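Letter by letter, the chains look like this.
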Amino acid sequence: MTKLKDTAIKAARAAGELILQRLGDVGKIEYKGVFNLVTDVDKAAEKIIIGILHKEFPDDAILAEESGVTDGTGTKRRWLIDPIDGTTNFAHSYPFFCVSIALEEAGQLLLGVVFNPVANELFCAEKGAGAWLNDKPIKVSKVSKLEESLLSTGFHSSSRASEHSNRETFMRITDRTHGVRRDGSAALDMCFVACGRTEGFWERQIALWDIGAGTIIVKEAGGHVTDLSGHDFDLKNLRVNILASNKLVHQQIVGILAETQLAKN
Ligand code: IPD
Ligand code: CA
């Protein structure tokens, strides 16, 4: 595992260096959907990451946000790559974004690396071994009351139906907590749950590359990650409804979603 982890960290840091150099100098912004942005920095950062991973592990499959699927040959491993999670923030020079890299094998997440180049924070987790922030072990918070919790969420950029449901959930949970942040990077939102800065995060219809690394980092930090009904989700699906928490407030959030059948949307 060490070589896999070291290579993923090397790739995340190399991409992060480029991203930081280009902060404030984004160049042309293209649109993959009405509100779904992509810059040449996303594409260049992804090339750097794939180049580093494929040099060491040429047989592994890849699912990457900008270049899509590359089939593997002879291994069951698959890398889930988001070169910039928080592209909209990056495009506006709002300094909250990261590189997210996860490794999955036969439906199980083995490794997650999330690097925030602005804060120089590197979150990392290995299955069964724990989670770290810049080499220090991290744990989820011990807050057990929802009314004393700080949460975060995100809004899918193209599904109006799921956005509609999320506004309703957002209001309900805001009214019963210290608040809900909407900071624009699901991978960082999940890492904040993992290190105890927040108690929970949820989002509807989010892509695997956004939440692969965050999922294992939260779990290895002692948290819980499920769909919005509290059940496991399948990594075979490209998009999932996700709820990550410190475990202690998990059922309370599931309960609010269940009140109005919102978990189904
Ligand atoms: C987005 C961010 C955002 C979430 C969106 C994602 P991107 O990822 O994670 O927080 O709300 O659903 O698409 O497009 O910046 O990689
Ligand atoms: Ca992205």
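Below: a short report on this structure. (Residues numbered from 1 in each chain as written. Chains lettered and ligands numbered in written order. Predicted model: local features only at pLDDT ≥ 70, side-chain atom pairs only at ≥ 80, totals over all residues. Heavy atoms only, no water.)

### Describing the nonpolar core
Counting 39 residues, the largest nonpolar core has V114, F123, I138, M190, I211, I217 and I242 as its most contacted members. Mapped onto this core, the elements with two or more residues apiece are β6 (98-105), β7 (108-116), β8 (121-126), β9 (130-133), α5 (186-194), β13 (200-207), α6 (208-220) and β15 (239-245). Looking at this core, the element that brings in the most residues is α5, giving 8 residues. Two domains each put at least three residues into this core: domain 1 (2-137) and domain 2 (146-264). Discounting residues that sit within four places of it in the chain, F123 has contacts with G112, V113, V114, W132, L133, I138, L188, C191, F192, C195, R197 and I217. Counting residues in each nonpolar core, the second largest holds 32 residues, with I19, V41, I62 and I81 among its members. (Core = buried A, V, L, I, M, F, W, Y, C linked by side-chain atoms within 4.5 Å. Buried < 20%, exposed > 50% of the residue type's maximum accessible area, 1.4 Å probe, protein only. Helix = DSSP H or I, 4+ residues; strand = E, 2+ residues; numbered from the N terminus. Domains from an automatic or database assignment. Contact = heavy atoms within 4.5 Å.)

### Some details on the environment of E66
Take E66: it is sitting in the loop between β3 (61-64) and β4 (68-70). For the pair E66 and N166, spaced 100 residues apart in sequence, the C-alpha to C-alpha distance is 26 Å. When neighbours within four sequence positions are excluded, E66 is seen to be in contact with K32, V38, D42, K43, E46 and P83.

### Some details on the packing of helix α1 (residues 2-21) against helix α2 (residues 40-56)
One can describe the packing of α1 onto α2 by two numbers: an axis separation of 9 Å at closest approach and a directional angle of 155 degrees. As the angle between them shows, α1 and α2 are arranged roughly antiparallel. When you trace α1 past α2, the crossing you get is right-handed. Side by side, α1 and α2 meet where K3, T7, A8, K10, A11, A14, A15, L18 and I19 of the first sit next to V41, A44, A45, I48, I49, I52, L53 and E56 of the second. Its residues placed into classes, the contact of α1 with α2 shows 13 nonpolar, 1 polar and 3 charged. (Axes fitted to C-alpha atoms, helices over the stretch in contact; angles between N-to-C directions. Parallel < 35°, antiparallel > 145°, perpendicular 65-115°, else oblique. Left-handed = near helix turned anticlockwise from the far one by under 90°. Nonpolar A, V, L, I, M, F, W, Y, C, P; charged D, E, K, R; others polar.)

### Observations regarding α2
Between its terminal C-alpha atoms α2 stretches 25 Å, which fits the 24 Å expected from 17 residues at 1.5 Å a residue. Taken together, the buried positions of α2 are occupied by V41, D42, A45, E46, I49, I50, I52 and L53. One side of α2 carries all its buried residues, which in axial view fall inside an arc of 165 degrees. Summarising the geometry of α2, the exposed residues directed more than 90 degrees from the buried face are K47 and K55. Where α2 is buried, its residues contact α1, β2 (36-39), β3, β5 (77-85), α3 (87-91) and β6. Where α2 begins, the capping side chain belongs to T39, and its oxygen is found 3.1 Å from the backbone nitrogen of V41. (Expected span 1.5 Å × (residues − 1). Arc of directions from axis to C-beta. Polar contact = N/O pair within 3.5 Å; in protein donor to acceptor, adjacent residues only side chain to side chain.)

### Brief notes about the packing of α5 against α6
Their axes nearest at 8 Å, the elements α5 and α6 cross at an angle of 5 degrees. Classified by the angle between their axes, α5 and α6 sit roughly parallel to one another. The segment α5 lies against α6, with A186, A187, M190, C191, V193 and A194 engaging D210, I211, G214, T215, I217 and V218. Of the residues contributing to the contact of α5 with α6, the split by class is 9 nonpolar, 2 polar and 1 charged.

### Comments concerning the packing of aromatic side chains
In total, this model carries 4 aromatic pairs according to the counting rule given. Relative to F170, the ring of F155 has its centre 5.9 Å away and its plane inclined at 55 degrees; by these criteria the two rings are tilted. Here F155, found in the loop between β11 (150-153) and α4 (160-174), pairs with F170, found in helix α4; they are 15 residues apart in sequence, far enough to count as distant. When the ring centre of W132 is taken as origin, the NZ or CZ atom of K5, which lies over that ring, is 5.1 Å away. In this structure, R197 packs its charged tip against the face of F192, placed 4.7 Å from the ring centre. (Phe/Tyr/Trp six-rings, centres within 6.5 Å; stacked < 30°, edge-to-face > 60°. Lys NZ or Arg CZ within 6 Å of the ring centre and 35° of its normal.)

### Focus on the pairing of strand β1 (residues 29-33)
Walk down a regular strand and you will see the side chains alternate between the two sheet faces. When β1 meets β2, the two strands line up antiparallel, connected through 4 bridges. Of the residues in β2, the one forming a bridge with Y31 is L37. Taken together, β1 and the strand that follows it, β2, pair antiparallel across an intervening segment of 2 residues. (Pairing = 2+ DSSP bridges.)

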